[in-house]
Structures are given as structure tokens and as C-alpha cells.
Amino acid sequence: MNKDKLKKGSILVLKKGHPCGENLWEIIRFGAVCKLKCLGCQREVLMNRMDLRKKVKKVVNNEEDN
Ligand SMILES: [Zn+2]
């Protein structure tokens, strides 16, 4: 887990999943306020970056690491 590598396109597992049952999220906008898309139901949520860092459990995929 390396939360410092969060960026647009990162796939995340959060500490708390989405009500739809999925817990995989893609960062579709990264800034002071980040936009995440639930990969289960495609719904988008806004989250402030500080909150996001606290909620991330694991970074599943970062393109640059592959
Ligand atoms: Zn969902």
C-alpha cells in the first residue's frame, strides 16, 4: 500500500465499500477534491483528498508500477 501514489487512474479499495456491494474504485479526477467512480455500479462520488487518504485501504493498480 502506498497512499502517496494516488493519482488519476488509480484503482482503490476503501475501508468501507459502496452500498451496492462493490469495493473497487477508480480515481477519475485527482485534486483538492477527488472524484471516484464505483466499479460496481459506475456511480461517481466526490471526496476531499484528505478524506480520501484516510479512507484508502489499498491501492490495487497504478499504471506506472506495471
Ligand atoms: Zn457501487
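Fair warning: this is a prediction, and the values are worked out from it, not measured in the lab.

Caption draft 1: Structural detail: the pairing of strand 4 (residues 44-48). Taking burial as the measure, the five residues of strand 4 include zero buried ones, a minor fraction of the element. As judged from the five bridges shared by strand 3 (residues 33-38) and strand 4, these two strands associate in the antiparallel manner. The residue bridging Val33 from the neighbouring strand is Asn48, located in strand 4. In this antiparallel pair of consecutive strands, strand 3 and strand 4, the connection spans five residues, and Gln42 shows a positive phi of 70°.

Caption draft 2: Region of the structure containing unusual backbone geometry. Phi is positive for Gln42, close to 70°, though the residue is something other than glycine. Summarising the element assignment, Gln42 is placed in the loop between strand 3 and strand 4.

Caption draft 3: Local environment of the sheet that holds strand 1 (residues 11-14). Read across the sheet, five strands follow the order 4-3-2-1-5 without closing on themselves; strand pairing throughout is antiparallel. What marks the edges here is a single partner per strand, and that holds for strand 4 and strand 5 (56-61). When the angles between neighbouring strand axes are averaged without regard to direction, this sheet yields 40°. Pairing between strand 2 (residues 25-29) and strand 3: four bridges, direction antiparallel. Across the sheet, the residue bridging to Glu26 is Lys37, located in strand 3.

Thresholds applied
- Residues numbered from 1 in each chain as written.
- Predicted model: local features only at pLDDT ≥ 70, side-chain atom pairs only at ≥ 80, totals over all residues.
- Buried ≥ 20, exposed ≤ 12 C-beta atoms within 10 Å, placed from the backbone.
- Helix = DSSP H or I, 4+ residues; strand = E, 2+ residues; numbered from the N terminus.
- Pairing = 2+ DSSP bridges.
- Axes fitted to C-alpha atoms, helices over the stretch in contact; angles between N-to-C directions.

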